[in-house]
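# Structural description and commentary
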Amino acid sequence: MSGRQWPFGETTLWDGRTVFCRGTWEGLPVFAFRGRPCAAPKGLLTRRQLRAKGQRPGGQDPVALLMFRHVKPFRRVELCELFREDLAVPVRPMTPAKEKALAAANQARRFCHTHQGHVDHFVRGPKKQCSVCFSADETTYEQEAA
Ligand SMILES: [Zn+2]
C-alpha cells in the first residue's frame, strides 16, 4: 500500500470557511463522518438529513461528498452527496392529486400481466407476474437459463 487512500487536505467552502477534508472525488471535497477528523462542516447535510428536517435540496447541485462505512457483513466505503442547508427548500406537501397518482402506481404494481388480473401483492420479474403465475412459469425460466 502506498500512502492513505483518502489523504487529508484543505478546502474552501462557499462561505469562505477553510476546513480540513479527506481529499476530493470528481472535483468535490470529501468529508468524513461526524466526530472524526475532517468531519463534514456545519451547514452541509445529506438528502436524508434534509428530509428529516422537512426540507429537500431543491435542484441545487451537491457541493461536497460524505464518506461513510458500512459495518461488517457489508463492509465497504461509500460516498453520498452533501447539500447546503441554506439553499434547501421545504418538502412539497401531499396533495389529493399526488395521493391519487401514488395509489394508481401501487395499483399498477398489483396487476399480473400473465393472467390479466389484480392480486393482493406486488407482481415481480421481467414479466410482471403474480406469485402463482411466477411459480407456474419457473420451469420456463430454468429452460431459458440452460
Ligand atoms: Zn397471475
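Up top is the structure these notes are about.
Computed from a predicted model, the values in this text were never measured in an experiment. (Residues numbered from 1 in each chain as written. Predicted model: local features only at pLDDT ≥ 70, side-chain atom pairs only at ≥ 80, totals over all residues.)

## Let's talk about the environment of Glu-81
Looking at the secondary structure, you find Glu-81 in strand E8 (residues 77-84). In sequence terms Glu-81 and Val-63 are 18 residues apart; their C-alpha atoms lie 7.6 Å from each other. In contact with Glu-81, not counting residues within four places along its chain, are Thr-46, Arg-47, Pro-62 and Leu-65. (Helix = DSSP H or I, 4+ residues; strand = E, 2+ residues; numbered from the N terminus. Contact = placed C-beta atoms within 7 Å.)

## Structural notes on helix H2 (residues 96-109)
In a regular helix each residue adds 1.5 Å, so 14 residues correspond to 20 Å; H2 covers 20 Å between its end C-alpha atoms and thus fits that length. For H2, the tally of buried residues reaches only zero of 14 residues, placing the bulk of the element at the surface. (Expected span 1.5 Å × (residues − 1). Buried ≥ 20, exposed ≤ 12 C-beta atoms within 10 Å, placed from the backbone.)

## A short note on the nonpolar core
Soluble, globular proteins show a tendency: their nonpolar side chains are buried together. Ranked by size, the top nonpolar core spans 15 residues in total, and within it Phe-31, Leu-44, Leu-65, Leu-66, Leu-82 and Phe-83 carry the most contacts. Taken together, the elements giving at least two residues each to this core come down to strand E4 (28-31), strand E5 (44-46), strand E7 (64-69) and E8. For this core, the leading source of residues is E7, giving four residues. Residues contacting Leu-44, with those up to four places away along its chain left out, are Val-63, Ala-64, Leu-82, Phe-83 and Arg-84. (Core = buried A, V, L, I, M, F, W, Y, C linked by C-beta atoms within 7 Å.)

## Description of the sheet that holds E8
With mixed pairing, five strands are arranged side by side in an open sheet as E3-E4-E7-E8-E5. Either end of the sheet is taken by a strand with one partner, and the two such strands are strand E3 (24-25) and E5. As paired strands, E3 and E4 are joined by two bridges and run antiparallel to one another. The partner of Thr-24 across the bridge, within E4, is Pro-29. (Pairing = 2+ DSSP bridges.)

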